[in-house]
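Given next are the chains, with one letter for each unit.
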Amino acid sequence: MQKIKLYISAILMLISLFSFSQDNRQAIDSLFNELEKADDKSKIEILNNISRNYWNFSLDSSLYFANEALNLAHIVHDKKGISDAYNRIGNVYSFQNENELAFEFYQKCLEIRLEIKDSKGISNIYHNIAMSYDFDNNNLKALENLQKGLEESIQREDIEDIVGFYSNIAQTYSNINKYKESIENYLKALKNAREINDDLTLASIYNGLGNVYIEISGYDKALGYFLDALEIYKKADLPNGVSMLYNNLGIVYQASKDNDKALEYYQKTLKMDIKSDNKEGQATAYNNIGTAYDEKGDKEKSLEYYNKSLKINKELEDTDGIATALNNIGLIYLDLGEYDKAYTNLKKSTELAIEINDTYSLANNYNNLANLFLRQKQYIKAQNNLNLAIKLSKQINVKEWLVESYDLYSQLYSELNDYKKALEYYKLYSETKDSIFSTNSSNRITEMKIKYETDNLETENTLLKKDNKIHLLELNRQKNIKNYSIAFSILILALAILSFSQFRLKKRTNGLLKSKNDQLKDANKKLTVSEYNLKELNATKDKFFSIIAHDLKNPFQSLLGFSEILYNQMDKLSKDEISEYTKLIYESSQNLFNLLGNLLQWSQSQLGSIKLSPKPINVYDSIDDVLSIFGVAAQKKNIKVESSIAKDVTVFADKHVVSTVFRNLISNAIKFTNQGGEIKISSVISNNKITVSVEDNGKGISEGNLEKLFRIDQGYSTKGTENESGTGLGLILCKDLISQSNGELFVESTLGKGSNFKFTLPILEEQTE
C-alpha cells in the first residue's frame, strides 16, 4: 500500500518556527553583548536565553550555555535561575529523544518551581513534561501533566497559556482516537483565542480541527477549517503556513476521490516550497503528487515524482522519507510487472524500516513483498513475509494491514489448490474487514454526534463574539453622546429627541433585518442538511453494494472448492466426507440463491421497477404455501409451527409481496429458534387493516441490534441457532415492500426469549376473525 505524507502541526510550534529562525542569530549576538556588562543574576537569565536561541543551530552549544547558567545560579543561590537552567537542559535532551534524562531534569525544575511558587513556570514545565511523554507515546501521562498545567494557567487567568494547553490536550486526545474530546478542547481553545484576537493561533487551531475531522471522515468540516486557516496565513504573508494548508487541502480532496483537485493543491504546495527552498516540503509534495497520479492510473508520472521525492530525501539524509519513497517506487514497478526492480526497492525500504524501528511501515513492507513473491509464484517466501506482517500488525493493532495479509493468504492457498485453507483465510479477511466497516460506521455516527454537539458550541462562540462587538459599539456610542452633550449643552434636548427617534428607527430596522437574516439562515441550514443527507445516502448505498459484491464471492469459493475436491478425489473420499462436502455445496448454493433473489427484488424496489398488482389475497392460503416450503426445515429442528389465521381472512395486496414477506419472516423464525421450540402465526383485524404476527421463542435480539435490522448502511447479519447464515437483506426488502403496499413492518424482541415480527396490510372491507 502506498504512503501519503501529512502535515500535522502542533499549536504555536509552527508559528514560532516561522519567525524564530529568521531572528535568533541576531538575538544571540545581542545577548553576548549584554552578557559582558551584566551582573551575576542577569548573566544567568542571559545564558539561559542564549541556550534557547541555539536550539535550531546547535544542541551541543545549547546544552553548554545551559550548564554555564546552572553553575553560576548555584554559586549565587538563584533558585529561579537554577530551575530555568534545569528546564533548558531538559529541553535539549528531549530534542535528542533522550527522554529519561529529559524527565530527570524536568522533575528537578518542577520541584524548585513548586517551592518558589512560580505559577507561570509551573505551567510551562508541566507542558514540557507532557510533550516528552507524548514523544515517548505515553499519551495518558501527557494528558495528566497537560491538565495540571491548564489548571495553573486558569488560576493565573493567562489566556495565551490556556489556549496553548487546550490545543495540546486536543492533539493528545486525537493521538488516542478520542475525537469527540479532541474537538471539544480545540473549540475551547478557539473560544479563548478569539478573546485575545490572535489570528495566527486561530489558524493553528483551525488546522488542528481540520486534521481531526479528516480522521473521522468529516471531509466537509475539514475543508472548511483548512480554508479558514489558509485565509489567515495568506493575510499574514506566511508562505510555510500557506504551503502546509495547500498540502492538507490536497489530502482532503484525495480522500474524497477528487484526484484532479488534489493535484492542483499539491502543485501549489510544491511551487511555494521550491520558491522558499523548503527541501522537506518539496520531498513531501513530490511524494503526494506521486500518490495522486498513482490513483489516477498514470504509473509513469507517479514513478517520476516518487523518484524526485527519493532524490531530495537522500540529500536530506531523511531515512523515513527514503523508506517511504522506495516503498512507493517498488509498488509502481510491481504494477508494471518489473519484478526485479520492485524487489530491489521494496527490500531497501524494508531494511530502512528495520533500521529506524518503524513497525507500522515494516508491516506494510512485508505485505508488499509477499504480494510480489505471490505474483512470482514463490509461495514459501510469500508465506514467510505474510507471517511477519500478521505478527507485527497484531502487535500494533493495525487492522488495515491484517485485511491485506489475510486476503493475500487466501489467494496464495487458492493458487496451491488448498481450498480449505483458502476459505479459512477468506473468512478471517471478511471478519476483519467487517470489523473495520463497523468501526467506520461507528465513526460516522460519532461524527454526526460531534457535529450536533459542537455546532451549538460554535454558534455560542459566534454569538459571544458578536455580543462583545455590539457591547463595544454601544460603549463608544454612549461616550460620543456624553461628549456631544457637554460640548453642545444648548442643543441637548433637541439632540436627545433626535437620538431617541433614530434609536427607535434603528431598532425597528435591525429587528426586521434580523428576522430576514434568521429566515435566510434557517433556509440555508435546511438546504445544507438535505444536501448532506443525500450524499450520505448515496455513499451508504455504494458501500452496501460493495459489501454485497464481496459476500457473493464467499459461496462461489465454497462451490468451486468443494465441487473440485469431489470431482478430483471422489475415489479417495469416505462416504461421510462426500456427505459433508455435498451438504456444504447445497448450503452455499441455497445462500447464494437467497442472496441473489433478495438483492434483485430490493434493487428493483429501489429503482421503482417493481409493478405492484394489488388484489384480494387469502392470507391462510399464502401461509399454507410458505409452510409447505419450510416444513422440512422446521421438522429437522423439531419446531412446532401453529397458525391461528382464519381461512376466510383476505388482504388487498400484491401476491408476490405477501409471499415474499411470509417467506422471509417464517424462514427467520425457524433459523433463530432452538430445537423443540415454537412458532405462532396470528392476526388481528381492526380499522380496515390486518396486523399479522410471526412470533417465536428463539434466541431473540438485543436492544442495540434492533435499530440495525432495517438499516442498509449497517449490513447487519447473524448466525442462526445451528449456524445457519443469512445476508441481512431480507428484512430490509420486506420493510420496503410492505411500505409500498401501504402497510408497516415492526418488531418486538427480548434477548434470550424470542422475537415477534408484525406487519400491517389493508383489507377490502370489514372482516372478523
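Everything below is about the structure shown above.
All values derive from a computational prediction rather than experimental measurement.

Attention now goes to the sheet that holds strand β2 (residues 640-643). Sheet strands associate in pairs through backbone hydrogen bonding, adopting either a parallel or an antiparallel arrangement. Across the sheet, which stays open at both edges, the 5 strands sit in the order β2-β4-β5-β7-β6 with mixed pairing between neighbours. In this open sheet, the two strands that pair with only one neighbour each are β2 and β6 (745-750). Between one strand axis and the next, the sheet turns through 15° on average, direction left out of account.

Below, the discussion takes up the packing of aromatic side chains. Counting across every chain of the model gives 20 aromatic pairs. Here the aromatic rings of Tyr 246 and Tyr 265 are separated by 5.9 Å at their centres, their planes lie at 45°, and the arrangement is tilted. Linking Tyr 246 in helix α12 (residues 239-255) with Tyr 265 in helix α13 (residues 259-275), this pair joins segments that are 19 residues apart in sequence. Pair check on accessibility: Tyr 246 and Tyr 265 agree, each one buried. Seen in terms of ring centroids, Phe 662 and Phe 759 are 5.5 Å apart; in terms of plane orientation they differ by 70°. Their pairing is edge-to-face. Here Phe 662, found in helix α25 (residues 655-671), pairs with Phe 759, found in strand β7 (residues 754-762); they are 97 residues apart in sequence, far enough to count as distant. Using a relative accessible area of 2% as the deciding quantity, one classes Phe 759 as buried. Joined through ring pairs, the aromatic side chains of Phe 32, Tyr 54, Tyr 64 and Phe 65 make up one cluster.

Once that is clear, we can look at the nonpolar core. Core analysis: the largest hydrophobic core is formed by 92 residues, its most contacted members being Ile 205 and Leu 209. Excluding its chain neighbours within four sequence positions, the residues that come into contact with Leu 209 are Ile 183, Tyr 186, Leu 187, Leu 190 and Tyr 225. Membership of the second largest hydrophobic core comes to 38 residues, among which are Ile 623, Phe 630, Ile 639 and Val 661.

Looking now at the pairing of β6. The two faces of β6 differ: Leu 745, Val 747 and Ser 749 on one face are buried, but Phe 746, Glu 748 and Thr 750 on the other face are not. Both β6 and β7 contribute to a ladder of 6 bridges, which runs antiparallel. Looking across to β7, one finds that Val 747 is bridged to Phe 757. With antiparallel pairing between neighbouring strands as the criterion, β6 and β7 make up a hairpin whose turn holds 3 residues, including Gly 752 at a positive phi of roughly 90°.

Let us look at the packing of helix α2 (residues 40-53) against helix α4 (residues 79-95). Between α2 and α4, the shortest axis-to-axis distance is 10 Å and the interhelical angle comes to 10°. The angle between α2 and α4 falls in the class roughly parallel. Packed against α2, whose contacting residues are Ile 44, Asn 48, Ser 51 and Arg 52, the element α4 presents Gly 81, Asp 84, Ala 85 and Arg 88 at the interface. Its residues assigned to classes, the contact of α2 with α4 shows 2 nonpolar, 3 polar and 3 charged.

Next up on the list: a nonpolar patch on the surface. Judged by side-chain polarity, Leu 491, Leu 495 and Leu 498 come together as a nonpolar surface patch covering roughly 250 Å² of accessible area. With respect to the helices and strands, the residue Leu 498 is situated in helix α22 (residues 492-569). Given the relative accessible area of 46%, Leu 498 is considered partly exposed.

Looking now at the pattern of salt bridges. What the rule picks out here adds up to 24 salt bridges. In this structure, Lys 80 and Asp 84 form a salt bridge, with 3.0 Å as the shortest nitrogen-oxygen distance. In this pair, Lys 80 and Asp 84 both sit in helix α4, 4 residues apart, roughly one turn of the helix. Residue class for Lys 80 comes out partly exposed when judged on its relative accessible area of 43%. A salt bridge links Lys 108 to Glu 104; the nearest nitrogen and oxygen atoms lie 3.7 Å apart. Placement of both Lys 108 and Glu 104 in helix α5 (residues 99-116) is noted, with a separation of 4 residues, approximately one turn of the helix. Taking the relative accessible area as the measure of exposure, Glu 104 reaches 37% and is therefore partly exposed. Linked through salt bridges whose partners overlap, the residues forming this network are Lys 120, Arg 156, Asp 158 and Asp 161.

Conventions adopted
- Within each chain, residues carry numbers counting from 1 in the order of the written sequence.
- Restriction of local features to residues with pLDDT of at least 70 applies here, the model being predicted, together with a cutoff of 80 or more for giving and counting side-chain atom pairs; totals for whole chains, interfaces and linings are based on all residues.
- Calculation of side-chain values draws on the structure's entire complement of heavy atoms; hydrogens and water are dropped beforehand.
- A pair of strands is treated as paired once DSSP finds two or more bridges between them.
- The way it works is that DSSP assigns letters per residue, a run of H or I at least four long becomes a helix, a run of E at least two long becomes a strand, and they are numbered from the N terminus.
- Fitted lines through C-alpha atoms serve as axes, helices being fitted only where they are in contact, and the angles separating the N-to-C directions of these axes extend from 0 to 180 degrees.
- Here a Phe, Tyr or Trp ring, Trp counted by its six-membered ring, pairs with any other such ring whose centre lies within 6.5 Å, and the pair is stacked when the planes are under 30 degrees apart, edge-to-face when over 60, and tilted otherwise.
- Whether a residue is buried, partly exposed or exposed follows from its accessible area with a 1.4 Å probe, protein chains only, as a fraction of its type maximum: under 20%, in between, or over 50%, in that order.
- We call a set of buried Ala, Val, Leu, Ile, Met, Phe, Trp, Tyr and Cys residues a nonpolar core when their side-chain atoms join them within 4.5 Å.
- Contacts are assigned to residue pairs that have any heavy atoms within 4.5 Å of one another.
- For classification purposes, angles smaller than 35 degrees are called roughly parallel, those larger than 145 roughly antiparallel, those between 65 and 115 roughly perpendicular, and all remaining angles oblique.
- Amino acids outside the nonpolar list (Ala, Val, Leu, Ile, Met, Phe, Trp, Tyr, Cys, Pro) and the charged list (Asp, Glu, Lys, Arg) are all regarded as polar, and Gly is one of them.
- Each patch is built from residues that are more than 30% exposed by relative accessible area and take part in no salt bridge. Like charges join if they lie within 9 Å; nonpolar side chains (Val, Leu, Ile, Met, Phe, Trp, Tyr) join within 5 Å.
- Each accessible area is a Shrake-Rupley estimate made with a 1.4 Å probe; only the visible protein chains count as cover when residues are assessed.
- In the sections that follow, a salt bridge refers to a side-chain nitrogen of Lys or Arg positioned within 4 Å of a carboxyl oxygen of Asp or Glu.

Taken by themselves, the reported measurements are silent on function.
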